[in-house]
Amino acid sequence: MTDTSTSGTDTHPSPTAPKRSFLTQLEIDTRLLGMIGAFVLVCLVFNVLTDGRFLTPRNIFNLTIQTVSVAIMATGMVFVIVTRHIDLSVGAMLATCSAAMAMTQTDILPKMLGLGLGHPLIPWITIAIGLLIGTVIGALQGWLVGYLTIPAFIVTLGGLLIWRNVAWYMTDGQTIGPLDETFRKFGGINGTLGETWSWVVGLIAVAMALWALWSSRRNKIGHGFPVKPVWAEAVVGLIIAAGILGFVAILNAYEVPTARLLREFKARGEAMPDGYTAAYGIPYSVLMLIAIAIAMTVMAKRTRLGRYIFATGGNPDAAELSGINTRLLTVKVFALMGALVALSAVVASARLTNHSNDIGTLDELRVIAAAVIGGTALAGGIGTIHGAILGALIMQSLQSGMAMVGVDAPLQNIVVGSVLVLAVWIDIVYRRRTGGK
């Protein structure tokens, strides 16, 4: 009979139940922890080099809205790379979608449908057209890769040249603007929730995150899977809640300049009260990124399409033999990438308040680097959405910090390229040590 008493004095761990470390019990991904550590280190270094200006609420706010466009495309690039392909045309596609949407709202809709500037339908028709164009371009490239078996590198390299110049011809090389006022709200500072609604959204996000943790624990127990200790679940929940509410607090700490508030009150024919202040809060573009991140994560983990994508990336031959239509899957993945590029074009052009010829330049480098730094394996089969977003944030932090320090643009690109090579090397070493997992 086995002694199950816990009152004994033997302090040696059982060989069948080895002692688990603090991090092991929390079940936190060490790779994700390393990326967070790298991000924190980058922020601290630049904060010292800029005499404390890097970690101010204003710069953090700007950093978030600058990251959104690349981060949205990086979520789609995860699926592309997981299926063992690459897309070098995302920056050029963004330019084409941006040019099409700019021409639609400033020239086509006013002339063809008689919709004057400021008409409530203009931004939504414009975005729908942009999504359609992006999806069609992506599906076309996916068809060339999947059904004509042309390597994705060649197809999208050609696309980089084609779509960049299609955008130029659509606008005759001119800057198009100003864009619709409602459309510009998706760019960041022109469209925010404000302080009160930001706290409401933050509290709802905390409630949803805690419910997701509890629901996951309940499902594991119901199916007989091992779960973390209750204290570990509580610690993880506190970390998530503190992160969400801390982020909201930082964005709410960035106040709207007094001159802008005076203009807004004057436009309404009102006098601004003495001592009145207002905060920007969470930008609409950040909410869009969060919604896309959740949708892409659910797609990756909870849908048949997501399972097919990762199965194909892990072993394309086995996936095809098991009945997966890998050719059609390739078209779907590239079409999804095109749709996400169109949404990024909305954010990028709205942030600039116009369409310019150089919009999206070198975005293909930033997007691929974000996905790879975030843990997406170039060999295929492995990648996470949250990792790609964190990778985009690290990339943007590097560029923003170097710009604030006064580093020349060519040297910035040298550093970014070096970081990409270093990230791939670290990924190779990491997978060798972990047996390729």
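The chain is annotated in an unreviewed UniProt entry as Xylose transport system permease protein XylH from Sulfitobacter marinus. Its UniProt record gives the chain a comment under Function (unreviewed entry), which states: "Part of the binding-protein-dependent transport system for D-xylose. Probably responsible for the translocation of the substrate across the membrane." Here the chain is described in UniProt, under the heading Subcellular location (unreviewed entry), as follows: "Cell membrane".

Secondary structure assignment for the chain yields 17 helices and zero strands. Computed over its C-alpha atoms, the radius of gyration of the chain comes to 24 Å, within 12% of the 22 Å expected for a compact globule of 437 residues. Dimensions of the chain, computed from C-alpha atoms along their principal axes, come out at roughly 90 × 65 × 45 Å. By the burial criterion, 43% of the 437 residues in the chain qualify as buried. Within the chain, contacts between residues at least 6 apart in sequence are counted, and of these 79% link residues at least 24 apart. For the chain, the computed accessible surface area is about 22600 Å², with 66% contributed by carbon and sulfur atoms. Within the chain, one finds 30 positive and 23 negative side-chain charges whose respective centroids are separated by 6 Å.

What follows covers the nonpolar core. Grouped together as the largest cluster of nonpolar side chains are 97 residues, with contacts concentrated most on Ile72, Met77 and Phe79. Looking at which element gives the most residues to this core, the answer is helix 3 (residues 57–82), with 15 residues. Viewed by domain, this core spans two of them, domain 1 (27–191 + 284–433) and domain 2 (193–282), each represented by three or more residues. With sequence-adjacent residues up to four places away left out, Ile72 is seen in contact with Met288, Leu289, Ile292, Leu340, Leu343, Ser344 and Val347.

The next subject is the confidence of the model for the chain. Looking at the chain, pLDDT values average 88 and 93% of them are 70 or higher. Predicted confidence is poor over residues 1–17, with pLDDT under 50, and the contacts of this stretch with residues over four places away or in other chains come to one contact.

On to the pattern of salt bridges. By the definition in use, this model includes six salt bridges. Here Lys228 ties to Glu233 by a salt bridge, and the two come within 3.8 Å at their closest N and O atoms. The burial state of Lys228 is the same as that of Glu233; both residues are buried.

With the rule as written, the count across this model stands at eight aromatic pairs. Here the aromatic rings of Trp168 and Tyr169 are separated by 5.3 Å at their centres, their planes lie at 85°, and the arrangement is edge-to-face. Looking at Trp168, the relative accessible area reads 41%, which means it is partly exposed. A residue is classified by how much of its surface remains accessible, and Tyr169, at 61% relative accessible area, is exposed. Where Phe265 meets Tyr276, the ring centres are 5.3 Å apart and the plane angle is 80°; that geometry is what we call edge-to-face. Taken together, the residues Phe265 in helix 10 (residues 258–267) and Tyr276 in the loop between helix 10 and helix 11 (284–302) connect sequence positions eleven residues apart. Judged by its relative accessible area of 36%, Tyr276 is partly exposed. One aromatic cluster is present, formed by Phe61, Tyr254 and Tyr280 through successive ring pairs. Sitting above the plane of the Phe265 ring, Arg268 keeps its charged end 4.6 Å from the centroid.

Once that is clear, we can look at the domain arrangement of the chain. Where interface size is quoted, it is often the accessible area lost as the parts come together. As far as domains go, the chain holds domain 1 (27–191 + 284–433) and domain 2 (193–282). One C-alpha centre belongs to domain 1, the other to domain 2; they are set 25 Å apart. Contact residues are listed per partner, giving eleven residues for domain 1 and 13 residues for domain 2. Summing the contributions of domain 1 and of domain 2, the shared interface buries around 1300 Å²; its carbon and sulfur component is 76%. Linking domain 1 with domain 2 are zero salt bridges, by the criterion used here. Mapped onto the side of domain 1 that touches domain 2, the elements with two or more residues apiece are helix 3 and helix 11. Counting residues per element, the side of domain 1 that touches domain 2 draws most heavily on helix 3, which supplies five residues.

This next bit is on helix 8 (residues 195–222). The terminal C-alpha atoms of helix 8 lie 41 Å apart, and with 28 residues this matches the ideal 40 Å at 1.5 Å per residue to within 8%. Three or more residues of helix 8 are buried, namely Ser198, Gly202, Val206, Ala209, Ser215 and Arg217. Along its buried surface, helix 8 packs onto helix 9 (230–252). Looking at the residues trailing helix 8, positive phi occurs at Gly224, about 80°.

Once that is clear, we can look at the environment of Arg84. The residue Arg84 is located in the loop between helix 3 and helix 4 (90–112) in this model. Separated by 166 residues in sequence, Arg84 and Ile250 have C-alpha atoms that sit 39 Å apart. Ignoring sequence-local partners within four residues, the contact set of Arg84 consists of Gly313, Gly314, Asn315, Pro316, Ala379 and Gly380. Of the polar contacts made by the side chain of Arg84, one reaches the backbone oxygen of Gly314; its length is 3.0 Å.

In this section: the packing of helix 3 against helix 15 (residues 363–373). Packed helices, taken two at a time, are described by their axes: the angle between them and the distance between them. Running from N to C, helix 3 and helix 15 point in directions that differ by 65°, and their axes come no closer than 8 Å. The hand of the helix 3/helix 15 crossing is right-handed. Side by side, helix 3 and helix 15 meet where Val70, Met73, Ala74, Met77, Val78 and Ile81 of the first sit next to Asp363, Arg366, Val367, Ile368, Ala370 and Ala371 of the second. A class-by-class count of the residues in the contact of helix 3 with helix 15 yields ten nonpolar, no polar and two charged.

Parameters and conventions
- Residues numbered from 1 in each chain as written.
- Predicted model: local features only at pLDDT ≥ 70, side-chain atom pairs only at ≥ 80, totals over all residues.
- Heavy atoms only, no water.
- UniProt positions renumbered as here; feature names shortened; annotations may be inferred.
- Helix = DSSP H or I, 4+ residues; strand = E, 2+ residues; numbered from the N terminus.
- Rg over C-alpha atoms; globule rule 2.2 N^0.38 Å.
- Buried < 20%, exposed > 50% of the residue type's maximum accessible area, 1.4 Å probe, protein only.
- Contact = heavy atoms within 4.5 Å.
- Areas by Shrake-Rupley, 256 points an atom, 1.4 Å probe, with all protein chains shown as cover.
- Lys, Arg positive; Asp, Glu negative; His and termini not counted.
- Charge placed at Lys NZ, Arg CZ, Asp CG, Glu CD.
- Core = buried A, V, L, I, M, F, W, Y, C linked by side-chain atoms within 4.5 Å.
- Domains from an automatic or database assignment.
- pLDDT = per-residue confidence, 0-100.
- Salt bridge = Lys/Arg side-chain N within 4 Å of Asp/Glu carboxyl O.
- Phe/Tyr/Trp six-rings, centres within 6.5 Å; stacked < 30°, edge-to-face > 60°.
- Lys NZ or Arg CZ within 6 Å of the ring centre and 35° of its normal.
- Buried area = accessible area lost by both parts, 1.4 Å probe.
- Expected span 1.5 Å × (residues − 1).
- Polar contact = N/O pair within 3.5 Å; in protein donor to acceptor, adjacent residues only side chain to side chain.
- Axes fitted to C-alpha atoms, helices over the stretch in contact; angles between N-to-C directions.
- Left-handed = near helix turned anticlockwise from the far one by under 90°.
- Nonpolar A, V, L, I, M, F, W, Y, C, P; charged D, E, K, R; others polar.

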